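Observations on chain architecture
This is what each chain is made of:
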Amino acid sequence: MGQDQDLGPPRELGDFAGFLRQLEEHGFEFAVIGGQAVAAYARLLGEKVLSVDLDIYLTQKTLAELLRWAPRHGIRVVKRPQPRNIPVAFLEVEDLEINALTSSHGLRDPETVTQTARNFRLADHGDLEVPIADPFELLANKLAVQREKDLPHIEILHRFVEEESVAAFQEESRPRARLAPARRLLGTLSVNVLPPGLADRLIEFAATPVDYRFLIGRVPTREQAVRIMARIQERDEELARELAWILETRRFEGGELLG
Amino acid sequence: MARPWAEIDEDWKRKEERALAQRAANAAAAREGRPLPYPNPWDALDPTKLPRDATSETYRQSFREFRKLCPPFQPKRYTI
């Protein structure tokens with residue numbers, strides 16, 4: 001996203017605080033996507049990501065309203081979205097570049113993305129709350145766009161959602177809440193088995209029959225499946241029989257699970 | 001074997017006429033303050049269902065109780 005040929009200095013999300021506050025005060029519904037969104041999740045992992053511009057995602061109707069509103073509020077509309085072209089408008093505030101998109105490959109519709117956005121409070125900017133697209137949505141977007149330069153962003157998002165999956169096993173008590181992030185990760189990656197490292201960590205925190213049933217069908221290696229069976233064998237014979245039955249229906253080839 | 005289209009259309013017409021007649025009978029009963037002859041069967045199971053003569057404050061209280069059953073979606077919040 002953005003105009004690569006006019007690369008400005010790298011920016012932090014806080015650099016756009018003035019613009020974001022204006023959007024907030026005027027009630028525009030949007031979600032931050034792209035590099036600044038990844039930067040927000042990277043901060044939670046203790047890392048720093050910089051991006052030249054700010055990408056916001058919004059409905060076509062909201063964008064039309066924003067484009068009418070912008071010139072009266074010190075925001076220059078550099079380029080409007082053109083028919084049969086990439087659905088993006090380019091804006092400028094002082095020397096800040098903002099891209100307003102209404103669709104992006106792999107990203108769900110703007111209504112859904114804005115409604116499922118997570119709120120990031122910028123502590124250094126008067127408690128401004130910024131809606132950032134859900135990390136699973138961002139990961140799906142980056143994977144679909146498939147740009148070489150997005151590989152570091154994909155790695156950060158993947159790591160974040162894996163941490164969320166482990167945290168759910170550690171902290172949640174309700175079965176659906178315990179499994180939800182891991183399920184979403186599988187869906188986002190379009191795979192049936194968990195990444196091996198994540199599977200190891202989830203096995204350590206598995207505690208309920210629901211956890212074990214979920215894992216026995218999704219761990220990638222036979223060794224991990226055997227480890228699960230060993231954990232419950234002496235604790236719950238009935239569950240052990242049930243899991244053994246599930247295990248019999250799975251196939252491993254060379255240590256790898258087939259589908 | 002699939003049913004002929006004419007038969008399906010006739011079935012829909014009959015059902016539509018029945019539904020409209022039931023709706024009219026309910027509306028007449030409501031106007032006259034009588035029990036509805038064709039009540040919604042789900043109303044008996046709905047803990048939030050209010051009588052027709054409920055006051056504004058009763059509606060507001062009912063909504064507050066409903067919100068406890070079905071709280072609005074709360075987005076995750078972080079500080080950076």
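Some words on the packing of helix α5 (residues 135–145) of chain A against helix α6 (residues 151–171) of chain A
Residue and element names in this part refer to chain A. α6 packs onto α5 with a crossing angle of 145° between their chain directions and a minimal axis gap of 9 Å. Pair α5 / α6 crosses with left-handed handedness. The residues of α6 that touch α5, namely those facing P135, F136, L138, L139, K142 and L143, are H153, I154, L157, H158, F160, V161 and E164.

A short note on the nonpolar core
All names here are of chain A. Residues I56 and L215 are the most contacted members of the largest nonpolar core, which totals 83 residues. It is α6 that contributes the most residues to this core, seven residues altogether. Here I56 is in contact with F19, L23, F30, A31, V32, L66, I98, N99, A100 and L101, once residues within four sequence places are set aside.

Observations regarding the packing of aromatic side chains
Scanning the model with the defined rule gives seven aromatic pairs over all chains in all. Aromatic pair A:Y41 and A:F120: ring centres 5.1 Å apart, planes at 85°, arrangement edge-to-face. Taken together, the residues A:Y41 in helix α2 (residues 34–44) and A:F120 in strand β6 (residues 118–122) connect sequence positions 79 residues apart. Classification of A:Y41 by relative accessible area gives buried; the value is 0%. Residue classification places A:F120 among the buried positions, given a relative accessible area of 0%. Taking 6.5 Å as the distance between ring centres and 35° as the angle between the ring planes, the aromatic pair formed by B:F63 and B:F66 counts as tilted. Highlighted residues: B:F63 and B:F66, both in helix α2 (residues 56–69), separated by three residues, approximately one helical turn. Since its relative accessible area comes to 45%, B:F63 is described here as partly exposed. What makes B:F66 partly exposed here is its relative accessible area of 33%. Members of the aromatic cluster, each reached through a chain of ring pairs, are A:Y41, A:F120, A:F160 and B:Y78. When the ring centre of A:F169 is taken as reference, the NZ or CZ atom of A:R178 above it lies at 5.3 Å.

Side note on the pairing of strand β5 (residues 96–101) of chain A
Along any regular strand the residues' side chains alternate between the sheet's two faces. All names here are of chain A. Counting buried residues in β5 gives six out of six residues, a clear majority hidden from the surface. A two-sided burial pattern is seen for β5, the buried positions comprising L96, I98 and A100 on one face and E97, N99 and L101 on the other. Bridging between strand β2 (residues 54–57) and β5 involves four bridges; their strand directions are parallel. The partner of L54 across the bridge, within β5, is I98. Bridge analysis of strand β4 (residues 88–93) against β5 gives six bridges, and the strand direction is antiparallel. Paired with A89 across the strands is A100, a residue of β5.

Calculation rules
- Residues numbered from 1 in each chain as written.
- Chains lettered and ligands numbered in written order.
- Predicted model: local features only at pLDDT ≥ 70, side-chain atom pairs only at ≥ 80, totals over all residues.
- Heavy atoms only, no water.
- Axes fitted to C-alpha atoms, helices over the stretch in contact; angles between N-to-C directions.
- Helix = DSSP H or I, 4+ residues; strand = E, 2+ residues; numbered from the N terminus.
- Left-handed = near helix turned anticlockwise from the far one by under 90°.
- Contact = heavy atoms within 4.5 Å.
- Core = buried A, V, L, I, M, F, W, Y, C linked by side-chain atoms within 4.5 Å.
- Buried < 20%, exposed > 50% of the residue type's maximum accessible area, 1.4 Å probe, protein only.
- Phe/Tyr/Trp six-rings, centres within 6.5 Å; stacked < 30°, edge-to-face > 60°.
- Lys NZ or Arg CZ within 6 Å of the ring centre and 35° of its normal.
- Pairing = 2+ DSSP bridges.

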